[in-house]
Amino acid sequence: MPKQTKWIIVSGGVLSGLGKGIVTASIGKLLSSNLKIVPVKCDGYLNVDPGTMNPIEHGEVFVLDDGGEVDMDFGHYERFLNIDCKFDWNITSGKVYQSIIEKERKGLFLGKTVQMVPHISNEIKNKWKELAKKEQADVMIIELGGTVGDIEMDLFFEASRQLKLEVDKENLLFCHLTYVPILHCVGEQKTKPTQQSVDLMQARGIQPDIIIGRSPNKLTLKSKEKIALFCNIKKNEVISDPDIQTVYELPLIFKEEGLLDLIEKKLELPKSGDLIEWAKLVNNIKNPEKEITIAMCGKYTELKDSYISISEALIHCGATLKTKINTKWIETTEIEQGKIPIEEALKGIQGVIVPGGFGSRGTEGKIKIIEHVRTNNIPFLGLCLGLQLAVIEFARNVCNLSADSTEVNKKAKDPIIDFLPEQKKIHNKGGTMRLGAYEAILKKDSITAKLYDSLRVYERHRHRYEVNPEYHKILTEKGLTLSGTSPDNTLIEFIELQNHKYFVATQAHPELKSRLEQPAPLFLGFVKAIIK
Ligand code: GLN
């Protein structure tokens, strides 16, 4: 064990979207076998947290056990490292400024002028150090969002420059991810953007210790030599980050490239264990033995990132079951408007997922699809809104109720999905949203309990509406199994149908806890039911 916390600062240059989150997660994975790794994400925007940001613009809002709504990079951290992250580990400019302004109002600066440097930069450093201490981290991996040169990130770069001065050389390293394009007409890797990006780092007083070059192929020896020479580091400190079939392969590529040895040497860390099990799963993803196709019936189909945890959960199942899972995205507004008949939309589909969502657009289309899969014995997995709509469909078509959700229709005759006012008092984070992991008690012998192999589970939530308790009785009488409830038996957490290939839904988002080494049980059950 290292005597004190080690720091790895991961920054990016040239372009955004190079996969800094995956790089951070991969470095964490490489070091995680015998060290406590705490990944921290710093975002320059002024939103205190991304909870209110539109998923089409920003990708999925990732929810943690503690109810924190965070950047979707936390999904990568958790999926790679198999850890539960915390809200504190996402530091936004919004959070930093908020706490500085609160301190200023309380008079804590004793008449001083409160300034960007040192007050904001100190606040950032203090947040990092407090976390390191609180979490007893062996290695803090700080991912700086955006790219070097972004105005809103400058104080985070400044804070990391200062931190380097405070710790000994073997305790902190800068890892800079850049883009190395291949110019088509010459077919050659170009290192100039990397050099310019490193110039920007150096102008901020930071010399990268390791440069990771994102490129379609591995970096050539020539590229590595050039980057080394112009960016003031050694050739072996330039690491390739090529295009790969699955992101989960990146830790293995980095290891091959010598990144793990390099970090262990520079930070004087003990030798890490191997990645044999991980490599097996990656191999299964790359060489599947079976192939299936499922439909995702959503609203945010324009941006696949808004459902990334679901896609990843399916990849995890595929890795365990050696199966390639193709996904067809179905925009349910088109079903609703009758533009495409359901049979045609579901052609070649072996299972259907109705994921979470908000608002009314597309819901009637989803309800039609759920009716179709229920009556045609097609495997179905409903997530959050997916459970609510499955209950509405069952209530309408089996219980003969004029059922609806008050989220969609305030005047519903049978408000079977309703906003429960008592929720307001208990859950105030994120407005009136019920957020984070909650306990559910599962019915003995239910499909759900068998899949979890437990009668008590904790899954994460992000919703406002619930199945109305007044209707629990009729739903049960008509044959819907309420397979999991809150411990006080008031909230429905899981439902299922017997005598169906697979018809399971949950009020939670089990995809948020799925990891490559531990796929979410309800997803695994869904894929197994299809393969069978
Ligand atoms: N809109 C629904 C609710 O708020 C479902 C939310 C979700 O699917 N995440 O309860």
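The structure presented is a predicted model; accordingly, all values stated were derived computationally and were not measured. All chains use their own residue numbering, which begins from 1 and follows the written sequence. pLDDT decides what is reported in this predicted model: residues at 70 or higher carry local features, side-chain atom pairs at 80 or more are listed and counted, and totals for whole chains, interfaces and linings draw on all residues regardless. The side-chain numbers reported here are obtained from all heavy atoms of the structure, hydrogens and water having been left aside.

A. Local environment of the side chain of Ser240. Secondary structure elements are defined from DSSP: runs of H or I of at least 4 residues count as helices, runs of E of at least 2 residues count as strands, and each element is numbered from the N terminus. Inspection of the secondary structure assignment puts Ser240 in strand S11 (residues 238–242). For this analysis, residues touch if any pair of their heavy atoms sits within 4.5 Å. Not counting residues up to four positions away in its chain, the partners in contact with Ser240 are Gly213, Lys218, Leu219, Lys224, Ile253, Phe254 and Glu257.

B. Spotlight on the sheet that holds strand S22 (residues 492–496). The pairing criterion is simple: DSSP has to find at least two bridges between the two strands. With mixed pairing, 9 strands are arranged side by side in an open sheet as S13-S12-S14-S15-S23-S22-S21-S18-S19. At either margin of the open sheet sits one strand with a lone partner, and together these are strand S13 (323–331) and strand S19 (456–463). Neighbour-to-neighbour, the strand axes of this sheet turn through a mean angle of 25°, independent of strand direction. In the sheet, strand S15 (residues 380–383) pairs with strand S23 (residues 503–506) via 4 bridges, with the strands oriented parallel. As a rule, the C-alpha atoms of each element are fitted with a line to give its axis, helices using only the stretch in contact, and angles between N-to-C directions run from 0 to 180 degrees.

C. Structural view of the sheet that holds strand S16 (residues 403–405). Ordered in space as S16-S17-S20, the 3 strands form an open sheet in which the pairing is mixed. Among the strands making up the open sheet, the edge pair consists of S16 and strand S20 (465–467). For this sheet, the mean angle separating the axes of adjacent strands, direction not counted, is 30°. Pairing analysis gives 3 bridges linking S16 to strand S17 (residues 414–419), with the strands arranged parallel. By the bridge assignment for S17, Ser405 is matched with Ile417.

D. Region of interest: the site of the ligand. We define proximity as follows: a residue is near a molecule or strand when any one of its heavy atoms falls within 4 Å of that partner. With respect to spatial proximity, the complete set of residues near the ligand consists of Gly356, Gly357, Phe358, Cys384, Leu385, Gln388, Glu407, Arg462, His463, Arg464, Tyr465 and His509. Here a polar contact means two N or O atoms within 3.5 Å. Within protein one must be a hydrogen donor candidate and the other an acceptor candidate, and residues neighboring in sequence count only if both atoms are side-chain atoms. Side-chain polar atom of Gln388 to an oxygen atom of the ligand: 3.0 Å apart, as the coordinates give it. In this structure, Tyr465 approaches the ligand through a main-chain N or O atom, which is 2.8 Å from an oxygen atom. In this description, accessible areas are obtained by the Shrake-Rupley approach with a 1.4 Å probe, and a residue is regarded as covered only by the protein chains that are shown. When isolated, the ligand has an accessible area of 300 Å², and the protein chains bury 99% of it. A class-by-class count of the residues in the shell around the ligand yields 4 nonpolar, 5 polar and 3 charged. Residues were grouped as follows: Ala, Val, Leu, Ile, Met, Phe, Trp, Tyr, Cys and Pro as nonpolar; Asp, Glu, Lys and Arg as charged; and all remaining residues, including Gly, as polar.

E. Structural view of the packing of aromatic side chains. What counts as a ring pair is set by centres within 6.5 Å for rings of Phe, Tyr and Trp (its six-membered ring), and what kind of pair is set by the plane angle: stacked under 30 degrees, edge-to-face over 60, tilted for all other angles. According to the stated counting rule, one finds 9 aromatic pairs in the structure shown. Ring geometry for Tyr248 versus Trp278: centroids 6.0 Å apart, planes at 65°, classification edge-to-face. With a gap of 30 residues between them, Tyr248 in the loop between S11 and helix H9 (250–256) and Trp278 in helix H11 (residues 276–286) connect regions that are remote in the sequence. The exposure classification of Tyr248 matches that of Trp278, with both residues buried. Arranged with centres 5.7 Å apart and planes meeting at 70°, the rings of Tyr452 and Phe494 form a pair that is edge-to-face. Residue Tyr452 is located in helix H18 (residues 447–452), and its partner Phe494 is located in strand S22; the two are separated by 42 residues in the primary sequence. When accessible area is computed with a 1.4 Å probe and restricted to protein chains, residues below 20% of their type maximum are described as buried, those above 50% as exposed, and intermediate ones as partly exposed.

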